[in-house]
Amino acid sequence: MEELIRSNDPVLISYILAVLADEDIEAVVLDEYTSILEGSIGAIQKRVMVLSEKIVQAKRVLKDLDLADEIREK
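*Asks:* So, a negative patch on the surface: which residues are in play, and what are the values?
*Replies:* Negative charge collects at one region of the surface, where Asp 22, Glu 23, Asp 24 and Asp 64 lie side by side. With respect to the helices, strands and loops of the structure, Asp 24 is situated in the loop between helix H1 (10-22) and strand S2 (27-30).

Structure below.
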C-alpha cells in the first residue's frame, strides 16, 4: 500500500474515501485511532492508503477534483 494523502481534516478524508469508492479504488485510513488518542493538538495526521497498483489512478482522481495539493509525494 502507498500513502495518498495525510490530513487531520475528517471531512476531506471522508470525501476522498467516498470518491475513491465510486471509482472502485479501495482505500484505508491509518493512524485514525492514534490521532484520536493524542487529543486535538493535530500532531498525528491520519493517512489515506491505497493499493500500489491503484496509486496512479487515485492521484489522477484527486487531480481531477482539484485536490492535487493534498497528494502526498515521496
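*Asks:* Talk me through the environment of Tyr 33; I want residue IDs and the actual numbers.
*Replies:* Along the chain, Tyr 33 turns up in helix H2 (residues 32-37). Measuring from C-alpha to C-alpha, the distance between Tyr 33 and Ile 44 comes to 9.9 Å, with eleven residues separating the pair along the chain.

*Asks:* Summarise the pattern of salt bridges; cite the residues concerned and give the values.
*Replies:* Scanning all chains against the criterion turns up two salt bridges. One salt bridge connects Glu 3 with Arg 6, and the closest N-O pair in it is separated by 2.8 Å. Taking relative accessible area as the criterion, Arg 6 reaches 29% and is therefore assigned partly exposed. Across the pair Arg 47 and Asp 31 runs a salt bridge whose closest N-O atoms are separated by 2.6 Å. Within this pair, whereas Arg 47 is found in strand S3 (residues 46-50), its partner Asp 31 is found in the loop between S2 and H2, the two being separated by 16 residues in sequence. Here Asp 31 falls in the partly exposed class, since its relative accessible area comes to 26%.

Rules used in this analysis
- Residues numbered from 1 in each chain as written.
- Predicted model: local features only at pLDDT ≥ 70, side-chain atom pairs only at ≥ 80, totals over all residues.
- Heavy atoms only, no water.
- Patch = residues over 30% accessible without salt bridge, like charges linked within 9 Å, V, L, I, M, F, W, Y side chains within 5 Å.
- Areas by Shrake-Rupley, 256 points an atom, 1.4 Å probe, with all protein chains shown as cover.
- Salt bridge = Lys/Arg side-chain N within 4 Å of Asp/Glu carboxyl O.
- Lys, Arg positive; Asp, Glu negative; His and termini not counted.
- Charge placed at Lys NZ, Arg CZ, Asp CG, Glu CD.
- Helix = DSSP H or I, 4+ residues; strand = E, 2+ residues; numbered from the N terminus.
- Buried < 20%, exposed > 50% of the residue type's maximum accessible area, 1.4 Å probe, protein only.

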